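# Observations on the model geometry
Residue strings, one per chain:
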Amino acid sequence: MTTTIAPSRRVRRTPFSDGVTAAGVKGYTVYNHMLLPTVFRSFEEDYHHLKSAVQVWDVACERQVEIRGPDAARLVQMLTPRNLSKMQDGQCFYVPMVDETGGMLNDPVALKLDEDRYWISIADSDLLFWVKGLAYGFRLDVLVDEPDVSPLAIQGPRADDLMAAVFGDAVRDIRFFRYKRLAFKGRDLIVARSGYSKQGGFEIYVDGSDIAMPLWHALFEAGKSLDVHAGCPNLIERIEGGMLSYGNDMTRHNTPHECGLGRFCQTEDALGCVGRDALLRVAKEGPVQQIRAIEIYGHVPPCDRAWPLMDGNLQVGQVTSAANSPDFATGVGIGMVRMTHWSSGTELDVITPDGPRAVMVHETFWI
Ligand code: THG
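Each chain carries its own residue numbering, running from 1 in the direction its sequence is written. Side-chain atom pairs in this predicted model are given and counted only at pLDDT of 80 or more, local residue features only at pLDDT of at least 70, and totals for whole chains, interfaces and linings cover all residues. Only hydrogens and water are set aside when side-chain values are computed; all heavy atoms of the structure are taken into account.

### With respect to unusual backbone geometry
Positive phi, close to 60 degrees, is recorded for H33, a residue that is not glycine. Working definition: helices are DSSP H or I runs of at least four residues, strands are E runs of at least two. Numbering for both runs from the N terminus. Tracing the backbone through its elements, the reader meets H33 in the loop between strand 1 (27-31) and strand 2 (34-39). Unlike most non-glycine residues, K185 shows phi in positive territory, near 50 degrees. Turning to its location among the elements, K185 is positioned in the loop between strand 12 (179-184) and strand 13 (187-192). For the exposure calls, accessible area comes from a 1.4 Å probe over protein chains only, and a residue counts as buried if that area is under 20% of its type's maximum, exposed if over 50%, partly exposed in between. By relative accessible area, K185 is classed as exposed at 63%.

Rendered as structure tokens:
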């Protein structure tokens, strides 16, 4: 018998699940209580294809927390130390969200839909409860809920051509982290130039499950000559690009500064932000540990727990994501490293379940 995830109502299917199954998905994880494919052909084949062609990703698990009403802007600014005062309709912002201690609660993409309406496209934590709690506790005039919106990502170097075939040439003019409303079957959908890869591409916020499979089929039909394939966020490519995974590389016990997300914090200007005082303190003093790229020498096994980073007998950090990179011909990892050992070129050992491996710390990622 093979090991499977037991299907149940709690582990939610997505409006694209029929397409994902038909495309031969080989592995899933659970993200926001919803299925998220992890592999189709193999991690390596998916990786090479993502970097050379175009893929359609079921990322419906990037659920939206919708905030609407007269106090929407105030509430969204309460959630993040990033200054949102100049955010325009049509913009997406990558925003660290923190609790009252400055601890990371999520690292979503926020979209401003209107002066009084936002979507928060969340990573894997139940942010809805925190947002609802703040709205209730502060008696804010807002509605907070999870709409029937399912992102579908189109990623890879041929993403523009595939999207233009379905939505028209207007997609080519969408700038990075901007969105346009484009028609599909008479429905206006938000199409943003964004996505969880460094290969470029788009995210379509599919508003209404009924058009999910029609859109899926239209993309595969239009992409026949482009070698389009079903794909998913690729572990190897994500690590090469230093894209963090909430719950893996960071948790509530890390500040944005430790996560290397200080450039997304303007805490001084983020008036009303929960955790502002705590973050002003850490921004001034600087973090004592920080995210680093970890080059790992020798084959690495799957990383399903934090691996200690050692300087001899002294633990100086941990590796929380790791894979074997075909393009860079080395093990690649993401780790949290103490400041005494975080400069580029530092040599350490990581303790994997298959034994210790020599590693080198780098301040920049591979791509
Ligand atoms: N897209 C959408 N929702 C999401 C994700 C996404 N929700 C879950 C998860 N991903 C949230 N985490 C991230 C992490 C990184 C980025 C986006 C969401 C990202 N980072 C850019 C980079 O590293 O190149 C920088 C962004 C910027 O410069 O503003 O895109 O992927 N809808």
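### Some words on a nonpolar patch on the surface
Where nonpolar side chains cluster on the molecular surface, the patch consists of I5, Y28 and V30 and spans about 220 Å² of accessible area. Tracing the backbone shows V30 in strand 1. Here a patch means residues that are over 30% exposed by relative accessible area and free of salt bridges, tied together within 9 Å if like-charged and within 5 Å if nonpolar (Val, Leu, Ile, Met, Phe, Trp, Tyr). Residue-level accessible areas treat just the shown protein chains as cover; the underlying method is Shrake-Rupley with a 1.4 Å probe. Throughout this description, the term salt bridge denotes a Lys or Arg side-chain nitrogen within 4 Å of a carboxyl oxygen of Asp or Glu.

### A few points about the packing of helix 5 (residues 159-167) against helix 6 (residues 212-222)
Simply put, an axis is a line fit to the C-alpha atoms, just over the touching stretch for a helix, and the angle between two N-to-C directions goes from 0 to 180 degrees. Relative to each other, helix 5 and helix 6 sit at 120 degrees, their axes nearing to 9 Å. For the element pair helix 5 / helix 6, the angle class is oblique. In the packing of helix 5 onto helix 6, the handedness of the crossing is right-handed. Every residue of helix 6 that contacts helix 5 at L162, M163, A165, V166 and F167 is listed here: L215, A218, L219 and A222. Just so you know the grouping, Ala, Val, Leu, Ile, Met, Phe, Trp, Tyr, Cys and Pro go in nonpolar, Asp, Glu, Lys and Arg go in charged, and all remaining residues, Gly too, go in polar. Looking at the contact of helix 5 with helix 6, its residues break down into nine nonpolar, no polar and no charged. Each angle receives one of four descriptions, namely roughly parallel if under 35 degrees, roughly antiparallel if over 145, roughly perpendicular if within 65 to 115, and oblique otherwise. Should the near helix be turned anticlockwise from the far one by less than a right angle, the crossing is termed left-handed; should it be turned clockwise, right-handed. It only takes one pair of heavy atoms within 4.5 Å for two residues to be counted as in contact.

### Some details on the site of the ligand
Any residue with a non-hydrogen atom lying within 4 Å of a molecule or strand is treated as near it. Surrounding the ligand, one finds 16 residues, the nearest of these being D107, S121, K198, E203 and Y205. Within the backbone of I122, an N or O atom sits 3.3 Å from a nitrogen atom of the ligand. Side-chain atoms alone can form a polar contact between residues adjacent in sequence; in general such a contact is a pair of N or O atoms within 3.5 Å, and within protein one must be able to donate a hydrogen while the other accepts it. Here an oxygen atom of the ligand sits 2.6 Å away from a polar atom, N or O, in the side chain of K198. In isolation the ligand offers 640 Å² of accessible surface; the protein chains occlude 88% of this area. Residues that form the shell around the ligand fall into these classes: ten nonpolar, two polar and four charged.

### Some thoughts on the environment of R10
Mapping R10 onto the fold places it in the segment before helix 1 (17-22). A relative accessible area of 66% places R10 in the exposed class. Separated by 278 residues in sequence, R10 and V288 place their C-alpha atoms 39 Å apart.

### A few points about the side chain of D58
Tracing the sequence through the fold places D58 in strand 3 (residues 55-58). In this tally, Lys and Arg are treated as positive and Asp and Glu as negative; His is ignored, and so are the chain termini. Buried within the structure, D58 lacks any salt-bridge partner; R63 is the closest side chain of opposite charge, at an N-O distance of 7.3 Å. Polar side-chain contacts of D58 include one of 2.6 Å to the side chain of T14. Among the polar contacts made by the side chain of D58, one reaches the main-chain amide nitrogen of A60 at a distance of 3.1 Å. For D58, the residues in contact, after removing those within four places along its chain, are T14, F16, S17, V20, L36, P37, P151, L152, W216 and G231.

### As for the sheet that holds strand 16 (residues 289-296)
Strands sit in the order 16-19-18-17-20-21 around a closed barrel of six strands; the barrel is antiparallel. The sheet shows a mean angle of 40 degrees between the axes of neighbouring strands, direction not considered. Looking at chain direction, strand 16 and strand 21 (residues 355-362) are connected through four bridges and run antiparallel. Note that in strand 21 the partner of A293 across the bridge is H362. Here, a strand pair is defined by DSSP locating no fewer than two bridges between the strands.

### Quick notes on the packing of aromatic side chains
Only centres within 6.5 Å qualify two rings of Phe, Tyr or Trp (six-membered ring in Trp) as a pair; their planes then separate them into stacked at under 30 degrees, edge-to-face at over 60, and tilted for everything else. Under the defined criterion, the tally for this structure stands at seven aromatic pairs. Members of the aromatic cluster, connected to one another through ring pairs, are F16, W216 and F220. Note that R139 overlies the ring of Y136, its terminal NZ or CZ placed 4.8 Å from the centroid. Each ring is checked for a lysine NZ or an arginine CZ that lies within 6 Å of its centre and within 35 degrees of its normal; such an atom marks a charge sitting over the ring.

### Considerations on the sheet that holds strand 9 (residues 117-121)
Taken in spatial order, the five strands of this open sheet run 5-8-9-4-10, and their pairing is antiparallel. Two strands bound the open sheet, and with one partner strand each, they are strand 5 (92-94) and strand 10 (143-145). Averaged over all pairs of adjacent strands, the angle between strand axes in this sheet comes to 20 degrees, irrespective of strand direction. Note that strand 4 (residues 64-68) and strand 10 share three bridges and pair antiparallel. The residue of strand 10 that forms the bridge with I67 is V144. Helix 4 (residues 127-137) contacts strand 4, strand 9 and strand 10 of the sheet and is inclined by roughly 165 degrees relative to strand 10.

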